[in-house]
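Here is how the chains run, residue by residue.
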Amino acid sequence: MTDTPTPPTDPATHRAEPAAHPDALHPETIAVSAGRPARTEQAPVNPPVVLSSTYVSTGEPAPGDLIYARSGTETWLPFERALADLEGARLPGLLFGSGMAAIAAALDLVPVGGELIIPRHGYHASLVAAHDLTVRSGVRVTEVAIEDTGAVVAAVRAAARRLTGSDTPAATSVGTPNGPIPNGPVLWVETPTNPMLEVADLPALVAATHDVDGLVLVDNTFATPLGQRPLSHGADVVVHSVTKYLAGHSDVVLGAVVTDSPDLRAALLDRRSLGGAVAGPFEAWLALRGLRTLALRVERSQRTAADLAERLSGHPNVVEVSYPGLTTHPQHERASIQMTGFGSILTLRPVGGAAGADALTRAVRLWVPATSLGGVESSLERRRRLGAEAPTVPEDLLRLSVGIEHADDLFADLEQALAVAATYAG
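Chemist: So what exactly am I meant to see when it comes to helix H2 (residues 77-87) here?
Modeler: Each α-helix winds once per 3.6 residues, and so residues spaced three or four apart point in a common direction. Of all eleven residues in H2, eleven are buried; the element is thus mostly enclosed. Among all positions of H2, only Leu77, Pro78, Phe79, Glu80, Arg81, Ala82, Leu83, Ala84, Asp85, Leu86 and Glu87 are buried. Looking at the residues trailing H2, positive phi occurs at Gly88, about 75°.

Shown next as structure tokens:
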């Protein structure tokens, strides 16, 4: 720690703007061009890694001055600007030391004694962190089927009534050192959900939550900014596990948040700075390098995921396949309207039950049995092997993260493993 406390600084608000306004560019171009250094003669094309924990500083620091790397460093900035441009945000994003650090900071926006509505299916660590708020902050947590718009809206309105005694917005907002934060219910959204791939109606849920002075926080990890932009549907905060698709090579652990609200951004910046949930400079640089190929990786993996979903749907050794791009998916039409890509995750239930699913994970040769996702390599996992997974997730469900290998090779590997799984059928 420094000898004397220093206020959180934010160099991101005091740096050069991108060379071209992101609204004029396609996402594929933004991923490559955003966050580049200024074009000066003999300057590097890529931003450098700055390895310094502290900065020369005299006198009273001005807003945005670099003082101490926990509060701000120029090595984070290129990624934060690039992600904001991809998400269509006016303000730079905030990079965190892990996806869970970003999630925890976002969940801390729920006021003490507040109301939080979350999907019953979702990243299990997010659910654990949400329920931990009931112990630490007296927050009431309501789990919902996020794909059931009517049920979610009813839960949001019921939470508002408990907070204010009516369905109308609260008269005041919670005061923070950085400005007002709405004190209505907070809705946490995953869409598609992890691992069940349910798709929420973002515009409808945002409208209903804002009607009661609430906040909408969206985990956009599965879809990526190339698949959907929650801020364009009115969401207040977008969260990413940068570890997954954004970095894309299974070699860093990082998280990020993006918002268009100066007050919310200031509160999130406080949580990062005061909580110390900061990213290492080299990890930030690796994440930006990975982001440069995001469009190519997502395009390839989505195309392969759709191909595999179609082939596996009619396979004799498969009980069920789920993928938002399939017309058989319950929310396929909603996803077609709301998303610009169906993602690279599909789920598979093989013949042979849970034992067969476990056998399949041991039998594959190209697919990597692993708990993470979003890398260039294809991976899979039986989710219920983890004790914290929701009991409503089928025991035999496999979550498949499709990488960039050739579709025929991936299918052939699954097919031989499915034959092994089928030997466990009763």
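Chemist: Just to check I follow, could you spell out the packing of aromatic side chains for this structure?
Modeler: Working definition: an aromatic ring pair is given by the centre-to-centre distance plus the angle between the planes. Considering all chains together, one arrives at two aromatic pairs under this definition. An angle of 15° between the planes, with centres 5.8 Å apart, marks the rings of Phe282 and Trp285 as stacked. Here Phe282 and its partner Trp285 are both found in helix H8 (residues 281-291), three residues apart, which amounts to about one turn of the helix. With a relative accessible area of 44%, Phe282 lands in the partly exposed category. The class of Trp285 is partly exposed, set by a relative accessible area of 25%. Centroid distance Tyr323 to Phe342: 6.4 Å. Interplanar angle 70°. Geometry classified as edge-to-face. Highlighted residues: Tyr323 in the loop between strand E10 (318-322) and helix H10 (332-338) and Phe342 in the loop between H10 and strand E11 (345-350), separated in sequence by 19 residues. Using a relative accessible area of 2% as the deciding quantity, one classes Tyr323 as buried.

Chemist: Sorry, what's going on with the pairing of strand E7 (residues 215-219) here?
Modeler: A regular strand carries its side chains on alternate faces of the sheet. Across the five residues of E7, five count as buried, placing the element largely inside the fold. Both faces of E7 are covered, namely the face carrying Leu215, Leu217 and Asp219 and the face carrying Val216 and Val218. The sheet contact formed by strand E6 (residues 186-190) and E7 spans five bridges and is parallel. The residue of E7 that forms the bridge with Val189 is Val218.

Chemist: Can you walk me through the confidence of the model for the protein in this structure?
Modeler: Counting all residues, the mean pLDDT for the protein is 91, and 91% of those residues have values of 70 or more. In the predicted structure, residues 13-19 sits below a pLDDT of 50 and forms nine contacts with residues beyond four places in sequence or in another chain.

Chemist: Which parts of the structure should I look at to understand the packing of helix H9 (residues 294-313) against helix H12 (residues 407-422)?
Modeler: Between two packed helices, the angle of one axis relative to the other and the distance separating the axes together describe the packing. Contact geometry for H9 and H12: axes closest at 10 Å, N-to-C directions at 35°. Along this stretch, H9 crosses H12, giving a crossing that reads as right-handed. Of the residues in H12, those in contact with Thr304, Asp307, Leu308, Arg311 and Leu312 of H9 are Ala407, Asp408, Leu410, Phe411, Leu414 and Leu418.

Chemist: What should I look at first to understand the environment of Glu395 in this one?
Modeler: Along the polypeptide, Glu395 turns up in the loop between strand E13 (379-382) and strand E14 (398-401). Judged by its relative accessible area of 40%, Glu395 falls in the partly exposed class. Taking the C-alpha atoms as reference points, Glu395 and Arg349, 46 residues apart in sequence, are found 8.9 Å from one another. Other than its neighbours up to four places away in sequence, Glu395 contacts Ala354, Arg382 and Arg384.

Chemist: I would appreciate a short explanation of the side chain of Arg297 in the present structure.
Modeler: Looking at the element boundaries, Arg297 is found in helix H9. Buried and unpaired, Arg297 has no salt bridge, with Glu377 as the nearest side chain of opposite charge at 9.1 Å. Separated by 2.8 Å, the side chain of Arg297 and the backbone oxygen of Gly290 make a polar contact. Apart from the residues lying within four places of it in its own chain, the contact partners of Arg297 are Tyr245, Leu246, Ala247, Gly248, His249, Gly290, Leu291, Gly374, Val376 and Ile404.

Parameters at a glance
- Residues numbered from 1 in each chain as written.
- Predicted model: local features only at pLDDT ≥ 70, side-chain atom pairs only at ≥ 80, totals over all residues.
- Heavy atoms only, no water.
- Buried < 20%, exposed > 50% of the residue type's maximum accessible area, 1.4 Å probe, protein only.
- Helix = DSSP H or I, 4+ residues; strand = E, 2+ residues; numbered from the N terminus.
- Phe/Tyr/Trp six-rings, centres within 6.5 Å; stacked < 30°, edge-to-face > 60°.
- Pairing = 2+ DSSP bridges.
- pLDDT = per-residue confidence, 0-100.
- Contact = heavy atoms within 4.5 Å.
- Axes fitted to C-alpha atoms, helices over the stretch in contact; angles between N-to-C directions.
- Left-handed = near helix turned anticlockwise from the far one by under 90°.
- Lys, Arg positive; Asp, Glu negative; His and termini not counted.
- Salt bridge = Lys/Arg side-chain N within 4 Å of Asp/Glu carboxyl O.
- Polar contact = N/O pair within 3.5 Å; in protein donor to acceptor, adjacent residues only side chain to side chain.

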